[in-house]
Amino acid sequence: MSSFLPPLTSGDLRRLDHEHFWHPFTQMRDWCASEVDPLVIISGSGPYLFDSEGTRYLDGNSSIWTNLHGHRHPVIDAAIRDQLDRLAHCSALGFANEPAIRLAAKLVEVAPGDSLTRVFFTDDGSTAIECACRMAAQYRERSGEPGRRRFVAFDGAYHGDTVGAASLGGIPAFHGLFASTGYEVARLPSIEALEALSPEEAAGINAVILEPLIQGAAGMRLWPVGMLRRIREWCDRHGTFLILDEVMTGFGRTGKLFACEHEGVVPDFLCLAKGLTGGYLPLAATLTTERVFEAFLGLYEEQKTFFYGHSYCANALGCAAALANLRVFEEERVLETLPGKIEAFATALQEAAERTPAFGQVRQLGLIAGIDLIDPTTGIAPDWREENGAKICRRARAHGLLTRPIRDTLTLMPPLCVNEDQIREAVHALEVATREG
Ligand SMILES: *Cc1c(COP(=O)(O)O)cnc(C)c1O
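Residues numbered from 1 in each chain as written. Predicted model: local features only at pLDDT ≥ 70, side-chain atom pairs only at ≥ 80, totals over all residues. Heavy atoms only, no water.

To continue, consider the pattern of salt bridges. Side-chain pairs of opposite charge can arise whenever the charged atoms involved come near each other. Applying the stated criterion across every chain yields a total of 24 salt bridges. Note that Arg 15 and Asp 12 form a salt bridge whose closest N and O atoms lie 3.9 Å from each other. Note that Arg 15 and Asp 12 are positioned in helix α1 (residues 10–20) at a spacing of 3 residues, about one turn of the helix. Asp 12 gets classed as partly exposed once you look at its relative accessible area, which sits at 22%. (Salt bridge = Lys/Arg side-chain N within 4 Å of Asp/Glu carboxyl O. Helix = DSSP H or I, 4+ residues; strand = E, 2+ residues; numbered from the N terminus. Buried < 20%, exposed > 50% of the residue type's maximum accessible area, 1.4 Å probe, protein only.)

And the structure:
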């Protein structure tokens, strides 16, 4: 910490946190009552985090699904420092900056297919989604299709927390309040429901939006194999856009750089955030096609301009970190290291499930896993109000693991840099913490 700040003890930090710091998605009554919280994280190294008492933990959910190559990766650290020596930020309204230009070109190069050629930068997953939906909506206005107003979103979907993004979400606990504001949404349970829409209904759909292959916040729920392909075909038949939310699944989590590559699908809008900077800085990107881009071209007075943006769009430090992230993928051949790790993860999960009666269904895709808790005597889900998932994750800290459940689904999503031993340690920590209950 900088020398002009007075030193604080671990106790000081906790006290000040309780007095002033309101944490996201956190019941602050419990938080402030707790003797041991907060765990104050002081430093990181590779897949590990260290707290103010010097205790080491494996970062079992990649710092909420963001980190890829570990903490304090030398290549990303150096790229940010180097950029800092020149410029931290300047506006993208009226100016360009070198790392953002390079990153836009690089993202187009690594994006699936060859039709995603335009990159719009924002700050986080929610704004990447917001940007895609606004582009899609304004596209329809500019193309004389004002009747295409509705967005198809799926049950259990999570697309972020700003009002527009939240209105697309299908998890009532998160989005109930926004049911009457935001986009016009047709919420569907499945591909079959989509395919059952009448031609008139289909003609009113602007875009279908989904998290490809796996829904994260719903509890790591896997979509049926082949569904994404069928959705792409349905969209093509009906002149509907496909918006893919790869905020969680992007950048190798599923074993491929982007989840949509598993089914050979290229969307009309690709939304990227969380892992984009390797988990270092808030930056997001929405990629789209020439067709969409061209609908916004015209004389100034035609007012076809895309009226949308944020102060920190294309932040130079964030773009430098993102370029370094992609460089690490190439230099360390990260994608080639994943199959062995994914296999080890599968074996560890399966063996743990066999030994642990409270583990119900276990779902895995790449280095993402969700483990549903069940009551071993009845075989059904425990009462969520008992907070079993949270209690297990708290006990897992004593076994060197940090992660966060989604209600009574335990989750693991280690950084891509973990080795097979660390994967086994993470699964083991959850298993032991579950048995201690
Ligand atoms: C986290 C997440 C978002 C929202 O991203 P923020 O950066 O938290 O705004 C959107 N979609 C998915 C699939 C996510 O996992």
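Moving on, there is more to tell.
The geometry of helix α15 (residues 388–396) relative to helix α16 (residues 420–435) is characterised by a closest axis approach of 8 Å and an angle of 120° between their N-to-C directions. Considering the angle they form, α15 stands oblique to α16. Crossing geometry of α15 relative to α16 is assigned as right-handed. Where α15 approaches α16, its residues Ile 392, Arg 395 and Ala 396 are matched on the opposing element by Ala 429, Leu 430, Ala 433 and Thr 434. Here the residues of the contact of α15 with α16 sort into 5 nonpolar, 1 polar and 1 charged. (Axes fitted to C-alpha atoms, helices over the stretch in contact; angles between N-to-C directions. Parallel < 35°, antiparallel > 145°, perpendicular 65-115°, else oblique. Left-handed = near helix turned anticlockwise from the far one by under 90°. Contact = heavy atoms within 4.5 Å. Nonpolar A, V, L, I, M, F, W, Y, C, P; charged D, E, K, R; others polar.)

Take the sheet that holds strand β5 (residues 150–154) next. Taken in spatial order, the 7 strands line up as β4-β12-β11-β10-β7-β5-β6 in an open sheet, and their pairing is mixed. Across the chains shown, the open sheet's two edge strands, defined by having one partner strand only, are β4 (116–122) and β6 (185–188). With direction set aside, neighbouring strand axes in the sheet form an average angle of 20°. Sheet analysis places β5 next to β6, joined by 4 bridges and oriented parallel. Among the inter-strand pairings, Phe 154 is bridged to a residue of β6, identified as Leu 188. (Pairing = 2+ DSSP bridges.)

With 87 residues, the main nonpolar core has Leu 107, Ile 231 and Phe 251 as its most contacted residues. The dominant element in this core, judged by the number of residues it contributes, is helix α13 (residues 316–331), at 8 residues. Here this core spans two domains, since at least three of its residues come from each of domain 1 (39–69 + 336–435) and domain 2 (77–331). Not counting chain neighbours up to four residues away, the residues in contact with Ile 231 comprise Phe 154, Ile 191, Leu 194, Val 208, Leu 210 and Leu 242. (Core = buried A, V, L, I, M, F, W, Y, C linked by side-chain atoms within 4.5 Å. Domains from an automatic or database assignment.)

Even without glycine at this site, Leu 213 takes up a positive phi of about 70°. Relative to the helices and strands, Leu 213 resides in the loop between β7 (205–210) and β8 (214–215). The exposure class of Leu 213 is buried, given its relative accessible area of 14%. With phi around 50°, Arg 407 is a residue other than glycine that occupies positive phi space. Examined against the element boundaries, Arg 407 turns out to sit in the loop between β15 (401–402) and β16 (409–412). Under the relative-accessibility criterion, Arg 407 is labelled exposed at 51%.

For the rest of this paragraph, the subject is the pairing of strand β14 (residues 368–373). Counted residue by residue, β14 has 5 buried out of 6 residues, so it is predominantly covered. Here strand β13 (residues 359–365) runs beside β14; their pairing, made up of 5 bridges, is antiparallel. What sits directly across from Phe 359, in β14, is Leu 373. Here β14 runs beside β16; their pairing, made up of 4 bridges, is antiparallel. Residue Asp 372 lies in a different strand from β16, and its bridge partner there is Thr 409.

Its 16 residues place the ends of α13 22 Å apart at the C-alpha level, agreeing with the 22 Å of an ideal helix rising 1.5 Å per residue. Of all 16 residues in α13, 12 are buried; the element is thus mostly enclosed. Of the positions making up α13, those classed as buried are Ala 316, Leu 317, Gly 318, Cys 319, Ala 320, Ala 321, Ala 322, Ala 324, Asn 325, Leu 326, Val 328 and Phe 329. Packed against the buried residues of α13 are α4 (74–84), α5 (98–110), β4 and α14 (334–355). Taking the backbone nitrogen of Leu 317 as reference, a side-chain oxygen 3.3 Å away marks Asn 315 as the first, capping residue of α13. One or two residues past the end of α13 sits Arg 333, with phi positive at roughly 45°. (Expected span 1.5 Å × (residues − 1). Polar contact = N/O pair within 3.5 Å; in protein donor to acceptor, adjacent residues only side chain to side chain.)

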